[in-house]
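Okay, here's what each chain looks like letter by letter:
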Amino acid sequence: MAKQNKSESNIIVVLWNNEKSNVFKSLSKPIQEHLLAERKSKRDAVLIQGLGKWEYFYFADNGDLSARTLEKWRGKGNEIQSVANANKQGAVLVKGEGVDEKISYAFAEGMALGNYKFNKYYTNAKERALSLEQMYIQDTHLTEAKQRELYGVVNANHAARTLVNEPVSFLTAEQLSKEAVRLGKEAGFTVKVLHKKQIESLKMGGLLGVNKGSIDPPTFTIMEYKPAKASNKKPLVLVGKGVVFDTGGLSLKPTPGSMDEMKCDMGGAAAVIGTLYAVAANKLPVHVIGLVPATDNRPGMNAIVPQDVLTISDGTTIEVMNTDAEGRLILADALVYAQKYNPDLVIDLATLTGAAIRAIGTYASAVMGTAPESDMRLLQKAGEHVWERTLEFPLWPEFGDELKSDVADMKNLGGGNGGHISAGKFLEHFTKYPWIHIDIAGTAWNGAPQSYRPKGGTGVGVRMLYQFIKDKYCTKK
Ligand code: BES
Ligand code: ZN
Ligand code: ZN
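Residues numbered from 1 in each chain as written. Chains lettered and ligands numbered in written order. Predicted model: local features only at pLDDT ≥ 70, side-chain atom pairs only at ≥ 80, totals over all residues. Heavy atoms only, no water.

A. Spotlight on the nonpolar core. Judged by nonpolar contacts, the single largest core of 61 residues is most densely connected at Leu176, Phe189, Met266, Ile347, Ile436 and Ile438. Per element, the largest residue contribution to this core is ten residues, and it comes from helix 10 (residues 267–281). Not counting residues within four places of it along the chain, the set of residues in contact with isoleucine 347 comprises Leu236, Val237, Leu238, Val239, Ile436, Ile438, Leu465 and Phe468. If you look at the next biggest cluster of nonpolar residues, it comprises 47 residues, including Ile330, Ala338, Ala423 and Leu427. (Core = buried A, V, L, I, M, F, W, Y, C linked by side-chain atoms within 4.5 Å. Buried < 20%, exposed > 50% of the residue type's maximum accessible area, 1.4 Å probe, protein only. Helix = DSSP H or I, 4+ residues; strand = E, 2+ residues; numbered from the N terminus. Contact = heavy atoms within 4.5 Å.)

Put into structure tokens, the structure is as follows:
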């Protein structure tokens, strides 16, 4: 969906909010009367269907622009794309006048975000392909520049979803790095991939340790977007957990159940790659670096066992008490590596703990951090705005005490409760800069479709971070 011209379309959406507007006046008298009557009975959506023609009228109340209401508008946009695809329609025309830009944007966003299907592995993928390709917008408020920005972000979100949806039979650590290179070329950011030899010379004992049970080598991917006129002197560094499949290792996950969705365990990596894509595609004036440590976690012959001791690249020794708490081990090496950029802020995203899901369900990501209060608030607001909600948890020292080991500097397992926070405390040990941790275990994957987010990878993080980056680095204060 990438064109903005006018066209013949069998699906027409009219966003209206008063009878004096030209969009309203251009309607036939009976339709005008019908709309006004429906308004009186407080119905805000009307469908008028003719032979092979669908006309949807939505009354837009500019007075209600709350985050929850905008999310409803995204849902309405999504309904239209699903009607279009179900009826093999190639285009939708959206007309509006006097409708707040936020509403038009949310509507278009829901339509574009929902227009996604992962069908690579069907033999008849071509027949199953979505029909909707064009969205024509005739709206006085939603500028072409805004529409282009929207497509950049939507493409980035879809790319992140696809990375999550790819099974490990395709998406090994090496392949994940190759996908980053491909997306970097497409959007305009640079990508450097460190391979096993280099990872060994950097002594990344966490990443190498988790990789020991695997037959596929690990990778460490470094992405950078550095425009000539960046507004930040010190870079923003994003770190994403890239466990391309998590079996649990020798502390094997039971199946069916907890292992079945673990191709999503590189959801943090997908979010970081997707965010770089969105930032580069839209040429935001901000210097961003992305780091992705990647491996699968498997119980191979040489796999790490409980009570093994690993040494992270900063020299910290870790007693591995559970090989399924692998994310923190590979992230530790990446957080150490981030230090060399003298970062303004580091944000990591990781499908890190089941405890985060037990704490807040799949409605929000769990956030913790040492960044200034103003940044924590900015991130919370950005998440609310794009409806990728977050909830902050405290990094209390008590949770750090749970990580004391009898034989090493730390162990990789906390107490029974609040496991998302002890995981956060583990990561905090490796940060010497302002830092935010986002546990997306509950939000990276949809077990069932939810509005414009189909079943499977959600691409969570991309839209939230894009909004956060704009708010923090690209708006004049
Ligand atoms: N990848 C999992 C966390 C996860 C769970 C992600 C559910 C998405 C959905 C992580 O590596 C893990 O296994 N965590 C363990 C940690 C425990 C052993 C301390 C967990 O949460 O059970
Ligand atoms: Zn695990
Ligand atoms: Zn994991």
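B. Examining the coordination of the zinc ion (ligand 3) more closely. Donor atoms from the polypeptide that coordinate the zinc ion (ligand 3) comprise Lys241 (NZ), Asp246 (OD), Asp265 (OD) and Glu326 (OE), at 2.0 to 2.4 Å from the metal. As a motif over one chain, the donors of the zinc ion (ligand 3) read K-x4-D-x18-D-x60-E. The distance between the zinc ion (ligand 3) and the zinc ion (ligand 2) comes to 3.2 Å, and aspartate 246 binds to both of them. Here aspartate 265 is found in the loop between strand 9 (242–246) and helix 10, whereas its partner glutamate 326 is found in the loop between strand 12 (317–319) and helix 11 (327–338), with 61 residues between them in sequence. Across the pair, exposure class does not vary: aspartate 265 and glutamate 326 are buried alike. (Donors = N, O, S within 2.8 Å, 3.2 Å for Na, K, Ca; no water.)

C. Main features of the packing of helix 11 against helix 15 (residues 419–428). Contact geometry of helix 11 with helix 15 gives a least axis separation of 9 Å together with a crossing angle of 30°. The angle between helix 11 and helix 15 falls in the class roughly parallel. Crossing angle aside, the handedness with which helix 11 passes helix 15 is right-handed. Counted together, Arg328, Leu329, Leu331, Ala332 and Leu335 of helix 11 and Ala423, Phe426 and Leu427 of helix 15 form the full contact between these two elements. Classifying every residue of the contact of helix 11 with helix 15 by side-chain character gives seven nonpolar, no polar and one charged. (Axes fitted to C-alpha atoms, helices over the stretch in contact; angles between N-to-C directions. Parallel < 35°, antiparallel > 145°, perpendicular 65-115°, else oblique. Left-handed = near helix turned anticlockwise from the far one by under 90°. Nonpolar A, V, L, I, M, F, W, Y, C, P; charged D, E, K, R; others polar.)

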